[in-house]
Amino acid sequence: MIKRLKRNLYILLIGSLMLFFSIVFCLFIQQTIKEKRKNSIAYLNRMASMLVFSMEQNSDYMEILSLYEKKLGHSFRLLSDTDPFLYQSENLEDCSEIIDTFLCTLQQHPSYALNPLALKDCERSSQSAAYPIRMPDGKNYNCVYCEIVTGYGITYGLSIVKESDSFVSLLLPELKFYICIWCGVFLFIIFLSRILTGITVKPTETAMQSQKDFIAAVSHECKAPLAAILSSAEMIESAPDIPNTIKEHAQVIDSEVSRMSRLIGDLLLLSSLDAGSWSFHMEEINIDTLLINLYTKYEQICRKKNILLRLNIPDECCPPFYSDSDRLNQIISIFLDNAVSYSLPESEISLNASIEKNKLEITMIDHGIGISDKDKPFIFNRFYQCDKSRTQREHFGLGLSIANELISLLGGKIYLRDTPGGGCTFTIALLSMQ
């Protein structure tokens, strides 16, 4: 229970901290990308200003624009007051469509205070702010329009296009840095969660350990007195010429002491399972022999209660299976005991087995009183009994919890479903431990 609590708390802490740091990390990356895009636009504006200055002083616009194309990868369209189409870059697909869209948008936004068609009215050089254009193919571009009044009497209209940096291209240069940060945060979260989990669970773990030690100590101390009482009761029963009343009382003592001995045995078993001191002896098991022996044992018990017990195993011999035969016998016996105890007279119990490759499935089907839906989530809890009146005095509510613990240690699982017509169907699924 403590291990399960620590695991669940550990997972909860890791999940919560990971969610928190993930949100913070995503906000950090988002802010970083926003800053980079802002800087990219600022750089485009500065580059446009430098280009305007260069063209004001130099009449060889072809050389200037070609140089900027090669070094920076920008695209241009150049107009003049005498020629509406002096120059256009060919390094960008659909460049003409992008620039046309940009110029059309610019004319419709008077806030830019620039008219691409009114070059003759320009008195001095000027430029617009970077304007984002989104094309139908989903790509984004930043565009700037410049009006250049040269010192040698020519006025130019220059459109500048730069494809916006994608999310990946913005993140890629620092990707290793971000990965290192994330790995560091992940390791820190694991380390912090382990410490916090240990601190949180420590009081509960100490209390539970004290309780387990107390139960184990009491159980050990009770074994010897109970054995002495049981022995004395048997001697009284076997004594000659004793009244029937005394013999009946001796039988009650015998029955109750046997019941108490079973309870102590179950408590000692659970204590050893909790302490992790339980050892398993893995060996090759003949499943057919194991089930036939169990059938022989319980068939006589079922016959006394007028219950039909059926054994269904494959016609061909089951392949060798590696597990702990004693523990497997104990697990199946727990389910058969319950099936016999809670089945009605004239009903039927089926014990079925199948092996596929290295997977063993054993199914116990009864047609008894069944288990209600509200009780199903709790049947593997210790001391839980569906019969709240405790009329079934031979059961303590420990059998299914022991079976569940043993199955878990053997790496298997238990499945429960209702039997059609009433009753329970338990299935044990185990993998070979070889």
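The structure this text deals with has already been given above.
Residues numbered from 1 in each chain as written. Predicted model: local features only at pLDDT ≥ 70, side-chain atom pairs only at ≥ 80, totals over all residues. Heavy atoms only, no water.

## What to know about the side chain of Ser 89
Inspection of the secondary structure puts Ser 89 in the loop between strand E2 (87-88) and helix H3 (95-107). In this structure Ser 89 comes out as buried when scored by relative accessible area, which is 3%. There is a polar contact of 2.3 Å between the side chain of Ser 89 and the side chain of Glu 69. A polar side-chain atom of Ser 89 sits 2.8 Å from the main-chain amide nitrogen of Phe 76. Dropping the residues within four chain positions of it, Ser 89 is found in contact with Glu 69, His 74, Ser 75, Phe 76 and Cys 95. (Helix = DSSP H or I, 4+ residues; strand = E, 2+ residues; numbered from the N terminus. Buried < 20%, exposed > 50% of the residue type's maximum accessible area, 1.4 Å probe, protein only. Polar contact = N/O pair within 3.5 Å; in protein donor to acceptor, adjacent residues only side chain to side chain. Contact = heavy atoms within 4.5 Å.)

## Points about the pairing of strand E11 (residues 359-366)
The element E11 is largely enclosed, with a buried count of 6 among its 8 residues. Inspection of the sheet shows strand E10 (residues 348-356) paired to E11 by 8 bridges, in the antiparallel sense. Within E11, the position partnered with Glu 356 by the bridge is Lys 359. A loop of 2 residues connects E10 with E11, the two strands running antiparallel in sequence, and Lys 357 in this loop sits at a positive phi of about 55°. As paired elements, E11 and strand E13 (residues 424-431) share 7 bridges and run antiparallel to each other. By the bridge assignment for E13, Ile 365 is matched with Thr 425. (Pairing = 2+ DSSP bridges.)

## Observations regarding the packing of helix H8 (residues 325-342) against helix H9 (residues 399-409)
Across the interface, H8 lies against H9 with an axial gap of 10 Å and an inter-helix angle of 150°. It follows from the interaxial angle that H8 and H9 lie roughly antiparallel. Taken as a pair, H8 and H9 cross one another with a handedness that is left-handed. In this structure, H8 uses Arg 327, Gln 330, Ile 331, Ile 334, Phe 335 and Asn 338 to contact H9, whose residues at the interface are Gly 399, Leu 400, Ile 402, Ala 403, Leu 406 and Ile 407. A breakdown of the residues in the contact of H8 with H9 according to their chemical character gives 8 nonpolar, 3 polar and 1 charged. (Axes fitted to C-alpha atoms, helices over the stretch in contact; angles between N-to-C directions. Parallel < 35°, antiparallel > 145°, perpendicular 65-115°, else oblique. Left-handed = near helix turned anticlockwise from the far one by under 90°. Nonpolar A, V, L, I, M, F, W, Y, C, P; charged D, E, K, R; others polar.)

## Thoughts on H9
For H9, the full list of buried residues reads Leu 400, Ser 401, Ile 402, Ala 403, Leu 406 and Ile 407. Directly beyond the C-terminal end of H9, a positive phi value near 80° is found at Gly 411.

## Digging into the sheet that holds E11
The mixed open sheet is built from 5 strands, whose spatial order is E8-E10-E11-E13-E12. Either end of the sheet is taken by a strand with one partner, and the two such strands are strand E8 (308-312) and strand E12 (413-418). Within the sheet, the average angular offset between the axes of one strand and its neighbour, ignoring direction, is 15°. Along the sheet, helix H7 (residues 287-304) contacts E8, E10 and E11; its crossing angle with E8, the most-contacted strand, is approximately 170°. With respect to the sheet, H8 is in contact with E10, E11, E12 and E13, its orientation differing from that of E11 by roughly 20°.

## Re the nonpolar core
Core analysis: the biggest nonpolar cluster contains 40 residues, and Ile 332, Phe 335, Met 364 and Phe 426 have the highest contact counts within it. Mapped onto this core, the elements with two or more residues apiece are H7, H8, E10, E11, H9 and E13. At 8 residues, the largest contribution of residues to this core is made by H8. Discounting residues that sit within four places of it in the chain, Phe 335 has contacts with Met 364, Leu 400, Ala 403, Ile 414, Phe 426 and Ile 428. Counting 20 residues, the second largest nonpolar core, distinct from the first, contains Ala 48, Phe 76, Val 144 and Leu 158. (Core = buried A, V, L, I, M, F, W, Y, C linked by side-chain atoms within 4.5 Å.)

## Quick notes on the packing of aromatic side chains
For the structure shown, the criterion picks out 4 aromatic pairs. Seen from their ring centres, Phe 20 and Phe 21 are 5.4 Å apart, and the 75° between their planes marks the pair as edge-to-face. Given a relative accessible area of 24%, Phe 21 falls into the partly exposed group. (Phe/Tyr/Trp six-rings, centres within 6.5 Å; stacked < 30°, edge-to-face > 60°.)

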